[in-house]
Amino acid sequence: MVGLKPSDVPPTTTVKFLGGTAACAALLTFPLDTAKIRLHIQGENSAALAAQSVRYRGVLGTILTMVRTEGPRSPYNGLVAGLQRQMSFASIRIGLYDSVKQFYTPKGADHSSVVIRILAGCTTGAMAVTCAQPTDVVKVRFQASVQLGPRSDRKYSGTMDAYRTIAREEGVRGLWKGTLPNITRNAIVNCAEMVTYDIIKEKLLDSHLFTDNFPCHFVSAFGAGFCATVVASPVDVVKTRYMNSPPGQYLSPLDCMLKMVAQEGPTAFYKGFTPSFLRLGSWNVMMFVSYEQLKRALMKVPVLREPPF
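All residue numbers here refer to positions counted from 1 along the written sequence of the relevant chain. This being a predicted model, a pLDDT of at least 70 is required before a residue's local features are given, and a value of 80 or more before pairs of side-chain atoms are given or counted; all residues contribute to the totals for chains, interfaces and linings. As a rule here, side-chain values cover all heavy atoms of the structure and leave hydrogens and water aside.

Side note on the overall build of the protein
We count it as follows: A helix here means a DSSP run of H or I that spans at least four residues, while a strand means a run of E at least two residues long, and both kinds are numbered starting from the N terminus. Whether a residue is buried, partly exposed or exposed follows from its accessible area with a 1.4 Å probe, protein chains only, as a fraction of its type maximum: under 20%, in between, or over 50%, in that order. In this analysis, two residues are considered to be in contact whenever any of their non-hydrogen atoms come within 4.5 Å of each other. Each accessible area value is a Shrake-Rupley result obtained with a 1.4 Å probe; residue values ignore everything except the protein chains displayed when judging cover.
Within the protein, the regular secondary structure consists of 12 helices and zero strands. Per-residue burial for the protein yields a buried fraction of 51% across its 309 residues. In the protein, the proportion of contacts linking residues at least 24 apart, taken out of those at least 6 apart, comes to 78%. As displayed, the protein offers around 14600 Å² of accessible surface, 66% of which is attributable to carbon and sulfur atoms.

Here it is in structure tokens:
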């Protein structure tokens, strides 16, 4: 991996878009994401959750409790929908970021300003959510579903059945439930990840502390993951609860947020922070390092070296 050298030819939009598939590194961090979801909804005042006797404490404790009470496959509930989400979501928000940033940058400018980078991050984040929201809804439903034994009710028999059932019972709009908080969350995450990664990498290269190689990508990605976790955690918790809620429990994402504060206090916004950071931090490192190397590998394919238009 470190043997690949940067290409002198800038990667095309097609290469960047395909490079976004490196986000399937989420396969390795998916149990952390599931633990985060369980901690997000813990303490929620609903009849279904109040009936559950399972309590989760910490990252490792949550995963071990799930394995003990639901089986070894439980941390990977919703994996298929999760990979579908990453393939569609990350390819857009990461693969098109540089192109959108260049589109917003005035002609003749040497560097894009922070405002331009934030605008590009918000744009690609919103575009990605609009396309990938149904996969996120199904992923969260599976991850939040507690299966205590083989006789426990299982609402969905599989991923495709989940799409059909949600559309039939809640309407097609049900597949886009929570789009607004998800756009807000992912605009924040995308800005924090992409802009932080972009700026840290640029500063490291300009200061000649690193060359464009693995250590540079690692440091930039780790910083991006921490920043994204800190700023996005509150809206992430609201998004999870709203997307997983039965019809009528919350009037709106704002109502969900207000009920959280009233019933659990402001600390509820940072439930699951540790697994969220472990997941985002490790995911960012794996994803960005893979993304950079995949871009270079794809640029060796002659047909991908030419711009599509």
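Section: the pattern of salt bridges
Rule in force here: A side-chain nitrogen of Lys or Arg and a carboxyl oxygen of Asp or Glu constitute a salt bridge if their distance falls within 4 Å.
Under the definition given, this model contains 17 salt bridges. In this structure, D33 engages K36 in a salt bridge whose closest nitrogen and oxygen atoms are separated by 3.1 Å. Here D33 pairs with K36, and both are found in helix α2 (residues 26-41), just three residues apart, close to one helical turn. For D33, a relative accessible area of 4% translates into the label buried. Overall, K36 belongs to the buried group, its relative accessible area being 2%. Measuring nitrogen to oxygen at the nearest pair gives 3.0 Å for the salt bridge that ties R117 to E202. With R117 in helix α7 (residues 114-144) and E202 in helix α9 (residues 179-206), this pair connects stretches of sequence that are 85 residues apart. Put simply, D33, K36, R85, D136, K139, D236 and K239 are held in one network by salt bridges that share partners.

A look at the confidence of the model for the protein
For any part of a model where pLDDT is low, the fine detail of the predicted coordinates should not be relied upon. To keep it simple, the criterion reads: You can read pLDDT as the predictor saying how much it trusts each residue, on a scale of 0 to 100.
Model confidence for the protein is summarised by a mean pLDDT of 80, while 82% of its residues fall at 70 or above. Highest mean pLDDT in the protein belongs to helix α8 (residues 159-170) (92); lowest belongs to helix α3 (residues 47-50) (42). Predicted confidence for residues 46-51 stays below pLDDT 50, and this span has three contacts to residues more than four positions away or in other chains.

A short note on helix α6 (residues 97-104)
Short version of the rule: The arc in question is the one spanned by the directions pointing from the helix axis to the C-beta atoms.
Restricting attention to buried positions, one finds in α6 the residues Y97, D98, V100 and K101. For α6, the buried positions fall inside an angular range of 165° around the axis, keeping them on one side. Among the exposed residues of α6, those oriented more than 90 degrees off its buried face are Q102 and F103.

Some details on the packing of α7 against helix α10 (residues 214-244)
Here is the rule we go by: Axes, fitted as lines to C-alpha atoms, cover a helix only where it is in contact. Angles between the N-to-C directions of the axes lie from 0 to 180 degrees. Any angle between 65 and 115 degrees counts as roughly perpendicular, while under 35 counts as roughly parallel, over 145 as roughly antiparallel, and the rest as oblique. In this count, Pro and Cys sit with the nonpolar residues alongside Ala, Val, Leu, Ile, Met, Phe, Trp and Tyr, while Asp, Glu, Lys and Arg are called charged and the others, Gly among them, polar.
One way to put it is that α7 packs onto α10 with a least axis distance of 9 Å and a crossing angle of 85°. Comparing the axis directions of α7 and α10 gives the class roughly perpendicular. Along its contact with α7, which presents Q133, D136, V137, V140, R141 and A144, the element α10 presents K239, T240, M243 and N244. Classifying every residue of the contact of α7 with α10 by side-chain character gives four nonpolar, three polar and three charged.

Comments concerning the packing of α9 against α10
Where α9 contacts α10, the two axes come as close as 8 Å, and the packing angle between them is 170°. Put simply, α9 runs roughly antiparallel to α10. For the contact of α9 with α10, the per-class residue count stands at 19 nonpolar, six polar and five charged.

Regarding the environment of E202
Here is the rule: A 3.5 Å cut-off defines polar contacts: any pair of N or O atoms within that distance qualifies, except that in protein one atom must be a possible hydrogen donor and the other a possible acceptor, and neighbouring residues in sequence count only when both atoms are side-chain atoms.
Once the C-alpha coordinates of E202 and S220 are considered, the two residues, 18 residues apart in sequence, prove to be 9.2 Å apart. A polar atom in the side chain of E202 sits 3.0 Å from the side chain of R117.

Here's the deal with the nonpolar core
Which entries qualify depends on this criterion: The nonpolar core is taken to be a set of buried Ala, Val, Leu, Ile, Met, Phe, Trp, Tyr and Cys residues, with the residues joined through side-chain atoms within 4.5 Å. Source of the domain bounds: an automatic or database domain assignment.
I94, M287 and F288 are the most contacted members of the largest nonpolar core, which has 28 residues in total. For this core, the elements supplying multiple residues, two or more each, are α5 (79-93), α6, α7, α9, α10 and α12 (273-298). A total of seven residues in this core trace back to one element, the largest contributor, which is α12. Inspection of this core shows a minimum of three residues originating in each of domain 2 (78-177) and domain 3 (181-294). Excluding anything up to four places from it in sequence, I94 contacts M194, W283, M287 and Y291.

Remarks on the side chain of Q249
Structurally, Q249 can be placed in the loop between α10 and α11 (253-264). Judged by its relative accessible area of 17%, Q249 falls in the buried class.

Some thoughts on the side chain of K239
Its place among the elements puts K239 in helix α10. When residues no more than four places from it in sequence are discounted, the contact partners of K239 are D136, P181, N182 and R185.

A short note on unusual backbone geometry
With a phi angle near 60°, H208 is a residue other than glycine that sits in the positive phi range. Judged by its relative accessible area of 70%, H208 is exposed.

Some details on the packing of aromatic side chains
Which entries qualify depends on this criterion: The rule is short: rings of Phe, Tyr and Trp, with Trp giving its six-membered ring, pair when the centres are within 6.5 Å, and they are stacked under 30 degrees, edge-to-face over 60, tilted in between.
Taken as a whole and judged by the stated rule, the model has eight aromatic pairs. For the pair Y270 and F273, a centre-to-centre distance of 6.0 Å together with 55° between the ring planes defines the contact as tilted. Classification of F273 by relative accessible area gives partly exposed; the value is 24%. Here a set of aromatic residues connected by ring pairs shows up, and it is made of F222, F226 and F277.

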